[in-house]
Amino acid sequence: MAPVENAMRLGLLGGIIAATALLAGCKSCHGTPPPAPLVYVSDEEGGLVVALDPVTASVVARIPVGKRPRGVKVSRDGKLLYVALSGSPRAGPGVDESTLPPGDRAADGVGVVDLATRKLVSTLPSGQDPETFDLSPDGETLYVSNEETAELSVLDLTSGFIRGRAPVGKEPEGVTVRPDGKVVFVTSEADGEVTAVDTTTRAVLAHMPTAARPRSVVFTKDGLLAFATDEAGGKVTVLDAVAYKALGDIAIHTDAPPPAVARPMGAALSADGRELYVSCGRGGSVAVIDVATRKQVRSIEKVGARPWGIALSRDGTRLYTANGSSGDVSVVDPATGNVEKRVHVGGLPWGVAVAP
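Along each chain, numbering runs from 1 in the same order as the chain's sequence is written. Side-chain atom pairs in this predicted model are given and counted only at pLDDT of 80 or more, local residue features only at pLDDT of at least 70, and totals for whole chains, interfaces and linings cover all residues. The side-chain quantities take in all heavy atoms of the structure and omit both hydrogens and water.

Considerations on the overall build of the protein
Using the following cut-off: In this text, helices come from DSSP runs of H or I with a minimum length of four residues, and strands from runs of E with a minimum of two, each type numbered from the N-terminal end. When a residue's accessible area, from a 1.4 Å probe over protein chains only, is under 20% of the maximum for its type it is buried; when over 50% it is exposed; and in between it is partly exposed. For this analysis, residues touch if any pair of their heavy atoms sits within 4.5 Å.
When helices and strands are tallied, the protein shows one helix and 28 strands. Counting the 356 residues in the protein, one finds 53% classified as buried. Summarising the internal contacts of the protein: among those between residues at least 6 apart in sequence, 42% fall at separations of at least 24.

Quick notes on the pattern of salt bridges
Rules: Between Lys or Arg on one side and Asp or Glu on the other, a salt bridge is scored when a side-chain nitrogen of the former is within 4 Å of a carboxyl oxygen of the latter.
What the rule picks out here adds up to 22 salt bridges. Residues aspartate 156 and arginine 163 are paired through a salt bridge, measuring 3.1 Å at the closest nitrogen-oxygen approach. What makes aspartate 156 buried here is its relative accessible area of 19%. Arginine 298 is the partner of glutamate 275 in a salt bridge, and the nearest nitrogen-oxygen pair spans 3.7 Å. Taken as a pair, glutamate 275 in strand S21 (residues 275-279) and arginine 298 in strand S23 (residues 295-300) lie far apart in primary sequence, 23 residues in all. Overall, the relative accessible area of 26% leaves arginine 298 in the partly exposed class. Several salt bridges converge on common partners, so that one network encompasses Glu171, Glu173, Glu189, Arg213, Arg215, Glu231 and Arg282.

Side note on unusual backbone geometry
Cis geometry is found at the peptide bond from proline 258 to proline 259, where omega equals 15°. Structurally, proline 259 is set in the loop between strand S19 (245-251) and strand S20 (267-269). The backbone of aspartate 129 sits at a positive phi, close to 50°, despite the residue not being glycine. Tracing the chain through its elements places aspartate 129 in the loop between strand S7 (119-124) and strand S8 (130-135). Of note, the phi angle at arginine 213 is positive, near 60°, even though the residue is not glycine. Structurally, the position occupied by arginine 213 is in the loop between strand S15 (204-209) and strand S16 (214-219).

Here's the deal with the layout of surface pockets
Applied cut-off: In this analysis, the protein atoms alone were mapped onto a 1 Å grid. Cavities are point sets where a 1.4 Å probe fits without being able to get out; pockets are open sets with protein on both sides within 12 Å along at least five of seven lines; lining residues have an atom within 4 Å of a point. Grid points are joined across faces, edges and corners, and a volume is the space filled by probe spheres set on the points.
Quantified by volume, the largest pocket comes out at close to 1500 Å³. Along the walls of the largest pocket sit 48 residues, with Lys73, Asp134, Ala267, Ala268 and Ile310 positioned nearest its centre. Secondary structure elements with two or more residues in the lining of the largest pocket: strand S4 (72-74), S8, strand S12 (172-177), S16, S20, strand S24 (307-312) and strand S28 (349-354).

What to know about the environment of leucine 205
Within the secondary structure, leucine 205 is located in strand S15. For leucine 205, a relative accessible area of 37% translates into the label partly exposed. C-alpha of leucine 205 to C-alpha of phenylalanine 185: the two residues are 20 residues apart in sequence and 9.9 Å apart in space. Those residues within four positions of leucine 205 in sequence are excluded, and the remaining contacts are Val183, Ala196, Val197, Asp198 and Tyr244.

Examining the pairing of strand S22 (residues 286-290)
Put simply, the rule is: Should DSSP find at least two bridges between two strands, the strands are regarded as paired.
Burial of S22 is extensive: four of the five residues sit out of reach of the surface. Here S21 runs beside S22; their pairing, made up of five bridges, is antiparallel. For glutamate 275, the partnering residue across the bridge sits in S22 and is aspartate 290. What sits between the antiparallel neighbours S21 and S22 is a turn of six residues, in which glycine 281 has the positive phi angle 50°.

Here we look at the sheet that holds S24
We count it as follows: Axes here refer to lines fitted to C-alpha atoms; in helices the fit is confined to the stretch in contact. Angles between the N-to-C directions go from 0 to 180 degrees.
In spatial order, the strands read S24-S25-S26-S27; together these four strands make up an open sheet with antiparallel pairing. The sheet is open, and its two borders are formed by S24 and strand S27 (338-344), each paired with just one other strand. Averaged over all pairs of adjacent strands, the angle between strand axes in this sheet comes to 25°, irrespective of strand direction. Here six bridges tie strand S26 (residues 328-333) to S27, and the two strands are oriented antiparallel to one another.

Looking at the side chain of asparagine 323
For the record, the criterion: N or O atoms closer than or at 3.5 Å make up a polar contact, with two conditions inside protein: a donor-capable atom paired with an acceptor-capable one, and, for residues adjacent in sequence, both atoms drawn from side chains.
Within the element layout of this structure, asparagine 323 appears in strand S25 (residues 319-323). One polar contact links asparagine 323 to threonine 321, side chain to side chain, over a distance of 3.0 Å.

Structural notes on the sheet that holds S16
Two strands in a sheet stick together by hydrogen bonds in their backbones, pointing the same way (parallel) or opposite ways (antiparallel). If you trace the four strands from one edge of the open sheet to the other, you get S16-S17-S18-S19, paired in antiparallel fashion. Only two strands of the sheet have a single partner each, and these edge strands are S16 and S19. Going from strand to strand, the sheet's axes swing by 25° on average, the running direction of each strand aside. Relative to S19, strand S18 (residues 235-240) runs antiparallel, the two sharing six bridges. Bridging across to S19, leucine 239 finds its partner in alanine 246.

Some words on the environment of leucine 157
Examined against the element boundaries, leucine 157 turns out to sit in the loop between strand S10 (151-156) and strand S11 (161-167). Residue class for leucine 157 comes out buried when judged on its relative accessible area of 17%. Between the C-alpha atoms of leucine 157 and leucine 135, which are 22 residues apart in sequence, the distance is 9.8 Å. If near-sequence neighbours (up to four positions away) are discounted, leucine 157 is found in contact with Tyr82, Leu124, Leu135, Gly139, Glu140, Thr141 and Leu142.

Here's the deal with the side chain of threonine 132
Structurally, threonine 132 can be placed in strand S8. On the basis of relative accessible area, threonine 132 is assigned to the buried category, the value being 11%. Of note is the side chain of threonine 132, whose polar atom sits 2.2 Å from the backbone oxygen of glutamate 173. Every residue in contact with threonine 132, bar those within four places of it in the chain, is listed here: Gly71, Tyr143, Val144, Ser145, Glu173, Gly174, Val175 and Trp350.

Here is the structure:
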C-alpha cells in the first residue's frame with residue numbers, strides 16, 4: 001500500500017474513532033437529559049438549608065447556616081445562595097413579645113453558602129431580625145426587610161457593608177425589586193400596606209394600602225403591575241407599580257371543605273407571565289390567578305400542610321412549595337395541578353430557591 005494512501009486510511013480511521021468517542025460521551029445525544037437543578041429550602045427550626053434533587057425526590061445535602069433561616073435567593077451567577085438568619089425568637093401573630101426570651105443579635109445576618117462546596121462561607125450584616133430580601137438586577141445589592149425595626153437595609157455585596165436604610169411599615173416581610181431596578185416594594189404585615197422605596201436615594205415614594213397582613217409581592221414581567229398576597233385578608237391586592245396606587249383586590253378561595261380557609265402567603269409568576277401561583281398557607285393549596293383578567297381561575301388542592309415558600313423550576317414546568325407544618329416540599333405540575341411528589345425534609349420548611 002502506498003504511504004500516502006495508508007496515511008489517508010489511518011486518518012479516516014482516527015476520525016471515526018474520535019467521533020464515536022464524542023458521541024459516547026454526549027449523554028444528550030442519547031436522549032438522557034442533563035441533571036435537574038437542585039432546589040434549596042430553608043429549615044427555620046433546624047437552622048439548615050436543605051438541598052433537594054426534584055427528580056429523584058431525595059435530600060442531597062443538609063447545610064448548617066445559623067439561627068432561623070427564612071428568605072433564600074440564589075446569586076445572579078448561580079454560584080452562591082443567600083439566606084436570611086435571625087436571632088429573634090419565633091412568635092406567631094398576637095404573641096406578647098415581653099414574654100419571649102431576649103434576641104441573639106449576634107445571630108442576625110445574611111448567610112452566604114457556596115453551592116459548589118455546599119458550605120456556609122460567610123455571614124454578612126443585615127440589620128436586626130432579617131426576614132426576606134431581594135437582589136438588584138445586577139446582583140450587587142441586597143434589599144433586606146428588618147422585621148423588628150420597621151426598616152429596609154441596603155446591603156452592598158461587593159464591600160459587605162450596609163450602604164443605608166429606609167423606614168418602611170411595621171413588621172416588614174416581603175421585599176421585591178421592580179424589574180427595572182429603580183424601585184423596591186416592601187410589605188408591612190402590621191400596617192396593611194406596601195411601601196415603595198427609591199433604590200438610588202432610598203427615599204420613600206409611596207405607601208399603598210392592602211388587605212390585612214400582606215406577606216409577599218410579585219411584579220408582572222413589564223413591571224407595570226404588582227400583586228401583594230394578604231394572608232389575614234384572604235386576598236391578593238393588585239397595585240399600579242408606576243403610579244403607586246391600589247387597583248383592587250382578588251378574593252382567594254380553596255376548594256377544600258371547611259374548616260380550610262385560604263391564607264395567601266408566597267407567590268410566583270409563571271414562565272410566560274400569564275399566571276400567578278399563590279401558596280395558601282393553612283388552606284393547604286395553591287391558588288392560580290389569571291394575570292390578564294385578575295381573577296382566580298382554579299385551585300391546586302392537597303399540596304401540603306401550610307405551604308408557604310413557593311418557586312418555579314427554571315423551565316416553568318414544575319412548582320415547588322415549602323410546607324411548614326408537614327415538614328416537606330411538594331413538586332407540583334402547574335399545568336395539570338397534580339402533586340407529583342412530596343419530599344420529607346423535617347423541621348419547618350420556610351423559603352424555596354431554585355439553582356440555575
